[in-house]
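Analysis of the macromolecular model
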Amino acid sequence: MDPVPFENFSQDDFSFSLYRYEKPSFYLANSGLPDFFFNDVSKLSEPTQASPGADLIYSLRSIQYGLQASAWPAQDIQLRVSLPFESNAFEDLSGVTQDRQNIGDLEVGASYLLTGKRTGGNYVGLDGWYRFATGTSPFSEPVSPVLATGKGTPEGSLGVILRQQLARFSVFESVHYQHSLPLQLTASSLYLGPGVFQWPDEFQALIRAEFMAFQQAERMVTLFGQYRMRRIGVMTWNQIPMTFNQGRYDDTLFYRSEERRVGKECRSRW
């Protein structure tokens, strides 16, 4: 239901990839899903008087597979497409495992470089994407809304990307604003009934530092670390604020990762 948090901007003429990303309970519980989505999900641990510092962990797992492709029809324009497939599962309060598999929300995106070139080390550009509501809606999911593979409504994002490079070191930064269209619920909709549901707007920022540890011909080894921030706004139903992330009406989430990437550059001429 929630998109995979990784940067898919590529400098290659053409890029095609298959990916698999496992989203743990922590990520899903803090991604802006309404609190009532988790009412029927059993808990593996939670804070108590005996263990006030324990984490709230649900018996919920989500694995997203996907196909991604990008191409540069011109030196300053990149086009992208991503088709996800999700497999979600959880253990309900009676101990029964519930699961669902389906396609997610199809995404198309584009980047336009205002300065610099994709083959150079420095550039500034505009970036955006649009997601179609091709996945299943949480408000029509008969078992549980957390098994849905989409948000039930289109959403889009617009932002700025920039990159600076010095020898083997480079820094990539991006800032995006995300907005979803209002979701009109009817009397036949599950969980909330008729009305207008609005997913929260999001402000997302990323900074990633990379080091080219090895490169010979087309083979390379890149080490990088990145830090992300996501500011989630107010979620409403019939203009009434709703809680998410365990009782909050808005939230800010920070998370980081360090990885090593081993690959072969894919360069083709258009």
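Residues numbered from 1 in each chain as written. Predicted model: local features only at pLDDT ≥ 70, side-chain atom pairs only at ≥ 80, totals over all residues. Heavy atoms only, no water.

One finds Phe-37, Phe-38, Leu-60, Phe-139, Val-146, Phe-197 and Trp-199 to be the most contacted residues of the largest nonpolar core, which totals 24 residues. Only helix H1 (25–29) and strand E11 (183–185) provide two or more residues apiece to this core. With 3 residues, H1 is the single largest residue contributor to this core. Setting aside anything within four residues of it in sequence, one finds Phe-139 in contact with Phe-36, Phe-37, Leu-183, Leu-185, Ser-189, Leu-190, Tyr-191, Leu-192, Phe-197 and Trp-199. Residues Trp-72, Leu-113, Ile-161 and Leu-206 belong to the second largest nonpolar core, which totals 6 residues. (Core = buried A, V, L, I, M, F, W, Y, C linked by side-chain atoms within 4.5 Å. Buried < 20%, exposed > 50% of the residue type's maximum accessible area, 1.4 Å probe, protein only. Helix = DSSP H or I, 4+ residues; strand = E, 2+ residues; numbered from the N terminus. Contact = heavy atoms within 4.5 Å.)

We now examine the packing of aromatic side chains. This structure, assessed with the given rule, holds 8 aromatic pairs. Ring geometry for Phe-36 versus Phe-37: centroids 5.0 Å apart, planes at 90°, classification edge-to-face. Ring centres 4.9 Å apart and planes at 40° place the aromatic pair Phe-169 and Phe-211 in the tilted group. Here Phe-211 lies in strand E13 (residues 202–216) and Phe-169 lies in strand E10 (residues 169–180), a separation of 42 residues in the sequence. Owing to a relative accessible area of 27%, Phe-211 belongs among the partly exposed residues under this scheme. Among the aromatic residues, ring-to-ring pairing joins Phe-36, Phe-37, Phe-139, Phe-197 and Trp-199 into one connected group. Here Arg-131 stacks its cationic end above the ring of Trp-129, 3.7 Å away from the centre of that ring. (Phe/Tyr/Trp six-rings, centres within 6.5 Å; stacked < 30°, edge-to-face > 60°. Lys NZ or Arg CZ within 6 Å of the ring centre and 35° of its normal.)

A separate point is the environment of Pro-138. As for its placement among the helices and strands, Pro-138 is situated in the loop between strand E8 (123–131) and strand E9 (155–166). The class of Pro-138 is buried, set by a relative accessible area of 0%. Spatially, the C-alpha atoms of Pro-138 and Ala-148 are 4.8 Å apart, while their sequence positions differ by 10 residues. Not counting residues within four places of it along the chain, the set of residues in contact with Pro-138 comprises Met-1, Phe-37, Pro-145, Ala-148, Gly-150, Lys-151, Gly-152, Tyr-191 and Trp-199.

This part covers the pattern of salt bridges. In the structure shown here, the tally under the stated rule is 12 salt bridges. Measuring nitrogen to oxygen at the nearest pair gives 2.1 Å for the salt bridge that ties Glu-22 to Arg-61. On the criterion of sequence distance, the pair formed by Glu-22 in strand E1 (residues 14–23) and Arg-61 in strand E4 (residues 60–74) is long-range, its members being 39 residues apart. On the basis of relative accessibility, which here comes to 32%, the residue Glu-22 falls in the partly exposed class. A salt bridge links Asp-250 to Arg-231, with the shortest nitrogen-to-oxygen separation between them at 3.5 Å. (Salt bridge = Lys/Arg side-chain N within 4 Å of Asp/Glu carboxyl O.)

Position of Asp-92 among the secondary structure elements: in the loop between strand E5 (77–91) and strand E6 (97–103). A distance of 2.8 Å separates the side chain of Asp-92 from the side chain of Ser-94, its partner in a polar contact. Among the polar contacts listed, one links the side chain of Asp-92 to the side chain of Gln-98, at a separation of 3.2 Å. (Polar contact = N/O pair within 3.5 Å; in protein donor to acceptor, adjacent residues only side chain to side chain.)

All right, on to the sheet that holds E11 then. Read from one edge to the other, the open sheet built from 4 strands follows the order E11-E12-E15-E16, with strand pairing classed as antiparallel. Every other strand in the sheet has two partners, leaving E11 and strand E16 (240–242) as the edge strands with one partner each. In this sheet, neighbouring strand axes are inclined to one another by 30° on average, regardless of whether the strands run parallel or antiparallel. Across 2 bridges, the pairing between strand E12 (residues 195–198) and strand E15 (residues 235–237) is antiparallel. Bridge pairing in E15 places Phe-197 opposite Trp-237. (Pairing = 2+ DSSP bridges. Axes fitted to C-alpha atoms, helices over the stretch in contact; angles between N-to-C directions.)

Positive phi values are uncommon outside glycine, yet Ala-167 reaches one of about 55°. Relative to the helices and strands, Ala-167 resides in the loop between E9 and E10. For Ala-167, a relative accessible area of 65% puts it in the exposed group. Positive phi is not limited to glycine here, since Gln-246 has a value of about 60°. With relative accessibility at 37%, the residue Gln-246 sits in the partly exposed group.

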